[in-house]
Amino acid sequence: MRRTAGKLADGREIIYFDDSAEAPPRVAVDTRDLPESQPMSEVRLDPLTREWVAMAAHRQTRTYKPPADLCPLCPSTPGRPTEIPEADYDVVVFENRFPSLAQNVPEVPSTVDGEALFVRAPGRGRCEVVCFTSDHNKSFGELSPSRVRTVVDAWADRVEYLSSLPGVEQVFPFENRGEEIGVTLSHPHGQIYAYPFVTPRTERMLEAALEYYAANGRPLFGDVLEAELRAGARVVEESPHWVAFVPAAARWPVEVVLAPRRQVADLAGLSSVERDDFASLYLKVLHRLDALYNRPLPYIAAWHQAPVNVGRDELWLHLQVFSVLRTADKLKYLAGSESGEAVWINDVTPEQIAERLRTV
């Protein structure tokens, strides 16, 4: 893989990750006349749940469902410059033009309305876009194993860098696919958020992992993985270095977890052979997911990693892929129980979904 960094017209960073050193040099200049990016993000702490909420009103003006010939993630063409100046690319990462979190946000008062209960802070972090291919009509599942490996290397590169930024506490790479998920740009891409706090889900996982380790002297996720392998009923795919399974307490109508057999804190810690092995296994899982309803499955693919400064020895890297589609044409809505009380009700058993995925 070859890595080339540059700048966009408004000063945002762009980085090209090429499959090989034989790719053309990345020297194209962004010719757009763009104002300097000035995000106004802040975060506020909910005193009742102790959870941070990001406020980013400037995102209301972000690009929304453009036609294919106006896609900002496609390569630039004569007379139509996009977010990517080059005429072609393999994988590219750049700072989001409409970020929820950014490094250059202004300072804000430490409270809302001067009330000590309502804590606020600058939304200091970073949001990046990861384009998996220059082909607007492809999906992640249609990439070659070598291209997936380039994407994994790009993720690892960004995780290592973003984890070093001042104030960043957690890095979260993810992909949203499909209009049912809320995707507003159909070009195959994902994002990476660098948060100034540890997210609520990760806090819960870390609490459980610490309690389990104190009682048993072993990592909780490792024992979960061994239990899933012993049971076998929910395992979808296996490889020398990875396992894909439907969790025994799956929340979503379609949900698969991909985990390395070795404990790793984050993507940057994966070995070369583990990255190669993931590329092969993940493509098999995605092909099964698309075959489930004989249509492209809308999904969220979420990388759960250890935070930057805590839980490095207790948590276990894993990818959670889940969908809101409960049948070929029906959505799972997060209604009263799920949205109001975070108590999930699944309409299908994990064993049923695992069996269907194994046989498609």
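These numbers come from a predicted model, not from an experiment. (Residues numbered from 1 in each chain as written. Predicted model: local features only at pLDDT ≥ 70, side-chain atom pairs only at ≥ 80, totals over all residues. Heavy atoms only, no water.)

S.K.: Report on empty space enclosed by the protein, specifying residues and quantitative values.
M.R.: Here the structure, examined in full by the defined rule, presents two cavities of 30 Å³ or more. Counted as a void, the largest cavity has a volume near 40 Å³. Taken together, F132, F140, W155, F174, E175, Y282, A301, W303 and L319 make up the lining of the largest cavity. Broken down by secondary-structure element, the contributors of at least two residues to the lining of the largest cavity are β9 (170-177) and β14 (299-304). (1 Å grid on protein atoms, 1.4 Å probe; cavity = no way out; pocket = protein on both sides within 12 Å on 5 of 7 lines; lining within 4 Å. Points joined across faces, edges and corners; volume = space filled by probe spheres on them. Helix = DSSP H or I, 4+ residues; strand = E, 2+ residues; numbered from the N terminus.)

S.K.: Can you break down the UniProt feature "active site" (unreviewed entry) in the chain residue by residue, with the values?
M.R.: Sequence positions flagged by UniProt for "active site" (unreviewed entry) are, in local numbering, H189. Inspection of the secondary structure assignment puts H189 in strand β10 (residues 189-195). A residue is classified by how much of its surface remains accessible, and H189, at 11% relative accessible area, is buried. Apart from the residues lying within four places of it in its own chain, the contact partners of H189 are L73, V129, V130, C131, F132, E175 and N176. Of note is the side chain of H189, whose polar atom sits 2.6 Å from the backbone oxygen of H187. (UniProt positions renumbered as here; feature names shortened; annotations may be inferred. Buried < 20%, exposed > 50% of the residue type's maximum accessible area, 1.4 Å probe, protein only. Contact = heavy atoms within 4.5 Å. Polar contact = N/O pair within 3.5 Å; in protein donor to acceptor, adjacent residues only side chain to side chain.)

S.K.: Describe the packing of helix α1 (residues 145-162) against helix α4 (residues 272-292), with residues and values.
M.R.: Put simply, α1 and α4 touch, their axes get as near as 9 Å, and they point 125° apart. With respect to each other, α1 and α4 are oriented oblique. For the crossing formed where α1 meets α4, the hand is right-handed. Counted together, P145, V148, R149, V152, D153, W155 and A156 of α1 and S272, R275, D276, F278, A279 and L283 of α4 form the full contact between these two elements. A breakdown of the residues in the contact of α1 with α4 according to their chemical character gives eight nonpolar, one polar and four charged. (Axes fitted to C-alpha atoms, helices over the stretch in contact; angles between N-to-C directions. Parallel < 35°, antiparallel > 145°, perpendicular 65-115°, else oblique. Left-handed = near helix turned anticlockwise from the far one by under 90°. Nonpolar A, V, L, I, M, F, W, Y, C, P; charged D, E, K, R; others polar.)

S.K.: Residue-level account of α1, with values.
M.R.: Compared with an ideal rise of 1.5 Å per residue, which puts 18 residues at 26 Å, α1 spans 25 Å between its outermost C-alpha atoms and is within 8% of the ideal. Counted residue by residue, α1 has 13 buried out of 18 residues, so it is predominantly covered. (Expected span 1.5 Å × (residues − 1).)

S.K.: Outline the domain arrangement of the chain, listing residues and values.
M.R.: Frequently, the measure chosen for interface size is the accessible area removed from exposure when the parts meet. Each domain of the chain was delimited in the assignment, giving domain 1 (2-197) and domain 2 (201-359). Here the C-alpha centre of domain 2 lies 24 Å away from the C-alpha centre of domain 1. Contact residues are listed per partner, giving 27 residues for domain 1 and 29 residues for domain 2. Summed over both sides, the interface between domain 1 and domain 2 buries roughly 2,600 Å², with carbon and sulfur atoms accounting for 59% of that surface. It is R149, R177 and E180 that lose the most area in domain 1 upon contact with domain 2, and together they represent 25% of the buried surface on that side. (Domains from an automatic or database assignment. Buried area = accessible area lost by both parts, 1.4 Å probe.)

S.K.: Give a description of the UniProt feature "binding site: Zn(2+)" (unreviewed entry) in the chain that names residues and reports values.
M.R.: UniProt's entry tags C71, C74, H136 and H187 with the feature "binding site: Zn(2+)" (unreviewed entry), counted in the numbering of this structure. Sequence-wise these annotated residues cover 117 residues; spatially they are packed, their C-alpha atoms never more than 8.3 Å apart. Among the annotated residues just listed, those that line the second largest pocket are C71, H136 and H187. With respect to the element layout, C71 can be found in the loop between β4 (51-55) and β5 (91-95).

S.K.: How would you summarise the pattern of salt bridges if you had to cite specific residues and measurements?
M.R.: Within the structure shown, the criterion is met by 31 salt bridges. R124 serves as the salt-bridge partner of E107, at 3.3 Å between the closest nitrogen and oxygen. Residue E107 is found in the loop between β5 and β6 (111-112), and its partner R124 is found in the loop between β7 (115-122) and β8 (126-131); the two are separated by 17 residues along the sequence. Look at E107 and you get exposed, because its relative accessible area is 59%. Residue R124 is classed as partly exposed on the basis of its relative accessible area, which comes to 26%. Through salt bridges with shared partners, one network takes in R3, E13, E95, R126, E128, D157 and R158. (Salt bridge = Lys/Arg side-chain N within 4 Å of Asp/Glu carboxyl O.)

S.K.: Residue-level account of the sheet that holds strand β12 (residues 242-245), with values.
M.R.: Reading across the sheet, the 11 strands line up as β1-β2-β5-β8-β10-β9-β14-β15-β13-β12-β11 and stay open at both edges, with antiparallel pairing between neighbours. Bordering the open sheet on either side are β1 (2-7) and β11 (235-238), each of which pairs with just one other strand. For this sheet, the mean inter-axis angle between neighbouring strands, taken without regard to orientation, is 20°. Strand direction decides the pairing type here: β9 and β14, joined by four bridges, are antiparallel. Pairing of N176 across the sheet is with I300, part of β14. Against the sheet, α4 touches β9, β11, β12, β13 (254-260), β14 and β15 (318-323), its axis set at about 170° to β13. (Pairing = 2+ DSSP bridges.)

S.K.: Quick one: what's the story with unusual backbone geometry, residue by residue and with numbers?
M.R.: Look at R50: it is not a glycine, yet its phi comes out positive at around 60°. Tracing the backbone shows R50 in the loop between β3 (42-46) and β4. For R50, a relative accessible area of 56% corresponds to the exposed category. A positive phi angle is found at D113, which is not glycine, with a value near 60°.

S.K.: Which residues make up the side chain of D10, and what values go with them?
M.R.: On the secondary structure map, D10 appears in the loop between β1 and β2 (13-18). Only 2.8 Å separates the side chain of D10 from the side chain of R12, close enough to count as a polar contact. Setting aside anything within four residues of it in sequence, one finds D10 in contact with L34, P35, E36, S37 and R97.

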